[in-house]
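Chains, contacts and geometry: an overview
Below are the chains, spelled out letter by letter.
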Amino acid sequence: MGDDQIHQAIAILTEAVKAWVSPAVTIVATQGRDPFKVLVSCILSLRTRDLTTAEASARLFALADTPEKMVGLDVPQIEAAIYPVGFYRVKAEQILEISRSLCDLYRGTVPDDLETLLKFKGVGRKTANLVLTLGFGKPGICVDIHVHRICNRWGYVHTRTPEQTEFALREKLPVEYWIIINDLLVTFGQNLCTPLSPHCSTCPLYQFCDRVGVVKSR
DNA sequence: AAAACGGGGGC
DNA sequence: GCCCCAGTTTT
């Protein structure tokens, strides 16, 4: 897929994903576009199937949906609320520590620049960029494993890590697509172009795709 | 029973 | 760069 084809591919993709639901973090984000909720649900989704994080997020936010309320909880309470996402102790402690920092240093608000977000323990490039795009509507490119896999299958980038994919997309991808690319490709990657079964025979983007490294259906 | 799933920290 | 981190879901 080349520079000239990306516009057409995204137009096709935009239509195709209407048949499916968006990832949990997007759903959480669009409910008020609350940066704190985006940040917390993104931490919950870490190395966890996306669909299971929606319920866990909802249960936790019923207890506390602001940094001020979150610091009133203890680790066991958070651990119980976020079942069954896994990594309970790490995630609960990170959410608490970040909430304390937000209260102590930022008056209970979430910073809206990449460098500041990346300083929080538990916040990497995927999470920080997602807070920017979904929480604040600011330009950012959130590259998770779906974005990384699909951009390489297309042959649009040739990279080894998600971080390299982010920087490659910053060079190549028109800025008008930066905010929407994550939702489009995660939805596409969860429902059709999955890790083990790319479903090439029914893919609407077949003509644009180099099918690099696809795994045969079993 | 076994493989797959998905980011970030520490070194 | 490499290794570690845990538990649910799919095959």
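Residues numbered from 1 in each chain as written. Chains lettered and ligands numbered in written order. Predicted model: local features only at pLDDT ≥ 70, side-chain atom pairs only at ≥ 80, totals over all residues. Heavy atoms only, no water.

Some points on the protein's contact with DNA strand C
Within the structure, DNA strand C sits among R47, R49, Y83, P84, G86, F87 and Y88. Backbone sugar and phosphate groups make up 47% of those atoms of DNA strand C lying within 4 Å of the protein. Note that a phosphate oxygen of DNA strand C is positioned 3.5 Å from one of the side-chain N or O atoms of Y83. The residue makeup of the surface near DNA strand C, split by class, is four nonpolar, one polar and two charged. (Near = heavy atom within 4 Å. Polar contact = N/O pair within 3.5 Å; in protein donor to acceptor, adjacent residues only side chain to side chain. Nonpolar A, V, L, I, M, F, W, Y, C, P; charged D, E, K, R; others polar.)

As for the domain arrangement of chain A
Looking at chain A, the domain boundaries give domain 1 (6-22 + 141-208) and domain 2 (34-136). Domain 1 and domain 2 are separated by 26 Å when their C-alpha centres are compared. On the side of domain 2, seven residues touch domain 1, which itself brings 11 residues to the contact. For the domain 1 and domain 2 pair, buried surface summed over both sides reaches about 800 Å², with 58% attributable to carbon and sulfur atoms. Per-residue buried area on domain 1 facing domain 2 is highest for C142, I179 and Q190; these three make up 44% of the total on that side. Linking domain 1 with domain 2 are one salt bridge, by the criterion used here. Here E166 and R125 are joined by a salt bridge, their closest N and O atoms 2.8 Å apart. It is helix α11 (residues 162-172) that provides the largest number of residues to the side of domain 1 that touches domain 2, a total of four residues. Tallied by class, residues from the side of domain 1 that touches domain 2 come to five nonpolar, two polar and four charged. (Domains from an automatic or database assignment. Contact = heavy atoms within 4.5 Å. Buried area = accessible area lost by both parts, 1.4 Å probe. Salt bridge = Lys/Arg side-chain N within 4 Å of Asp/Glu carboxyl O. Helix = DSSP H or I, 4+ residues; strand = E, 2+ residues; numbered from the N terminus.)

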